[in-house]
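These are the residues of each chain, in order.
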Amino acid sequence: ERLSVELQDRASVIGVLTGPGTLRSLAGVSTADLAEFYATMAGKYSEARVGAILLAEAPDTEADAELLSVATRELANICRFYRLKSVLLSPSSRGMAGPVDLVFGGDDLFPVDLITRDADAGISEWKMRKGLVLSSGEVPWNLAPEHLKSWMNAFNGSSEGMGL
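Calculation criteria
Sequence order as written defines residue numbering, which begins from 1 separately in each chain. With pLDDT at 70 or above as the cut-off, local features in this predicted model cover only qualifying residues; side-chain atom pairs require 80 or more to be listed or tallied, and sums for whole chains, interfaces and linings still use all residues. Each side-chain value is derived from all of the structure's non-hydrogen atoms; neither hydrogens nor water enter the calculation. Helical segments are the DSSP runs of H or I of at least four residues, strand segments are the runs of E of at least two, and each set is numbered from the N terminus. The buried label goes to any residue with under 20% of its type's maximum accessible area, the exposed label to any with over 50%, and the partly exposed label to all in between, with areas taken from a 1.4 Å probe on protein chains only. Working rule for contacts: check all heavy atoms of both residues, and any pair within 4.5 Å makes them a contact. In these tables, accessible area is a Shrake-Rupley quantity obtained with a 1.4 Å probe, and a residue counts as shielded only by the protein chains included in the view. Working convention: axes come from line fits to C-alpha atoms, limited for helices to the stretch in contact. Angles between N-to-C directions cover 0 to 180 degrees. Geometric relationships in this document are graded by angle, where less than 35 degrees denotes roughly parallel, more than 145 denotes roughly antiparallel, 65 to 115 denotes roughly perpendicular, and other angles denote oblique. Residues are sorted three ways: Asp, Glu, Lys and Arg are charged, Ala, Val, Leu, Ile, Met, Phe, Trp, Tyr, Cys and Pro are nonpolar, and all the rest, Gly among them, are polar. Think of a 1 Å grid over just the protein atoms. A cavity is a set of points where a 1.4 Å probe fits yet cannot get out, a pocket is an open set with protein on both sides within 12 Å along at least five of seven lines, and lining residues have an atom within 4 Å of a point. Grid points are joined across faces, edges and corners, and a volume is the space filled by probe spheres set on the points. Should DSSP find at least two bridges between two strands, the strands are regarded as paired. Given the number of residues in a helix, its expected span is that number minus one, multiplied by 1.5 Å.

A.B. asks: Give me the overall build of the chain: which residues, what numbers.
C.D. replies: Secondary structure assignment for the chain yields 6 helices and 4 strands. Going from N to C terminus, the chain has its helices and strands arranged as α-β-α-α-β-α-β-β-α-α. Taken across its 164 residues, the chain has 37% of its residues classed as buried. Sequence separation of at least 24 residues holds for 65% of the intrachain contacts in the chain that already meet a minimum separation of 6. Just so you have it, the chain exposes about 9,700 Å², and 52% of that area is on carbon and sulfur atoms.

In structure tokens, the structure reads:
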């Protein structure tokens, strides 16, 4: 909660949870238990004043529309009540819809290998897709700060510095 308060409107804090398909494959958890877990965590994250809740599936986890629908219905309702975005990040979820607000998968993910090059002027199109940019992997630890600043400005459609 302290981080959310300190950042205020300058940046959003996103609560991250392991996706339902990944949890089921790792722990054999029932759909009802997943739904209860997600509802509890959505309440906790909303109390902590996050801006969104991201459910992240492992890259090799197959998308399951029925599981997503049942396991995340209450989480999505809690998010809507508190005006939080609910997001699923699932590389195998092309074209899948569910109770969550946004589903990112396949072609929706920004290819992280592009970030090591100079930013392209038309890159703000990535943000326009869904209003949020998620990458296909982690930003390299050794990425030059000027590259990161260049990309952040390009995503925001600006040449202004962002304090990076």
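A.B. asks: Can you lay out the packing of helix H2 (residues 20-27) against helix H4 (residues 65-81) for me, pointing to particular residues and giving the numbers?
C.D. replies: When two helices pack together, you describe them by how their axes are tilted relative to each other and by the distance separating the axes. Interaxial distance between H2 and H4 falls to 9 Å at its minimum, and their mutual angle equals 100°. Taken together, H2 and H4 sit at an angle that is classed as roughly perpendicular. The residues of H4 that touch H2, namely those facing Pro20, Gly21 and Arg24, are Leu67, Leu68, Ala71 and Thr72. Across the contact of H2 with H4, the residue classes break down as 4 nonpolar, 2 polar and 1 charged.

A.B. asks: Kindly report on empty space enclosed by the protein, identifying the contributing residues and their values.
C.D. replies: If you walk through the whole model with that rule in mind, you get 1 cavity of 30 Å³ or more. Of the voids in this model, the largest cavity is the one considered here, and its volume is about 60 Å³. Considering the residues around the largest cavity, the lining is formed by 11 residues, among which Pro20, Gly21, Glu57, Ala63 and Asp64 are closest to the centre. At the level of elements, H2 and H4 are the ones that each hand at least two residues to the lining of the largest cavity. For the lining of the largest cavity, the class distribution of residues is 6 nonpolar, 2 polar and 3 charged.

A.B. asks: Before we move on, could you go through the sheet that holds strand E1 (residues 14-18) and cite the residues and values that matter?
C.D. replies: Either a parallel or an antiparallel arrangement is found when strands of a sheet pair, and the pairing is made through backbone hydrogen bonds. Strand order in the open sheet formed by 4 strands is E1-E2-E3-E4, and the pairing between neighbours is parallel. Either end of the sheet is taken by a strand with one partner, and the two such strands are E1 and strand E4 (102-104). The sheet shows a mean angle of 20° between the axes of neighbouring strands, direction not considered. In this structure, strand E2 (residues 52-56) lies alongside strand E3 (residues 85-89), joined through 5 bridges in parallel fashion. Within the sheet, the bridge partner assigned to Leu54 lies in E3 and is Val87. Each of E1 and E2 is contacted by helix H3 (residues 31-47), which is oriented at about 165° to E1, the strand it contacts most. Against the sheet, H4 touches E1, E2 and E3, its axis set at about 150° to E3.

A.B. asks: Run through H4, naming residues and quoting values.
C.D. replies: Given a rise of 1.5 Å per residue, 17 residues ought to cover 24 Å, and the 23 Å separating the end C-alpha atoms of H4 matches this to within 8%. For H4, the complete set of buried residues consists of Leu67, Leu68, Ala71, Thr72, Leu75, Ala76, Ile78 and Cys79. Here the buried face of H4 lies against E1, H2, H3, E2 and E3. Positioned one or two residues after H4, Arg83 has a phi angle of 60°, which is positive.

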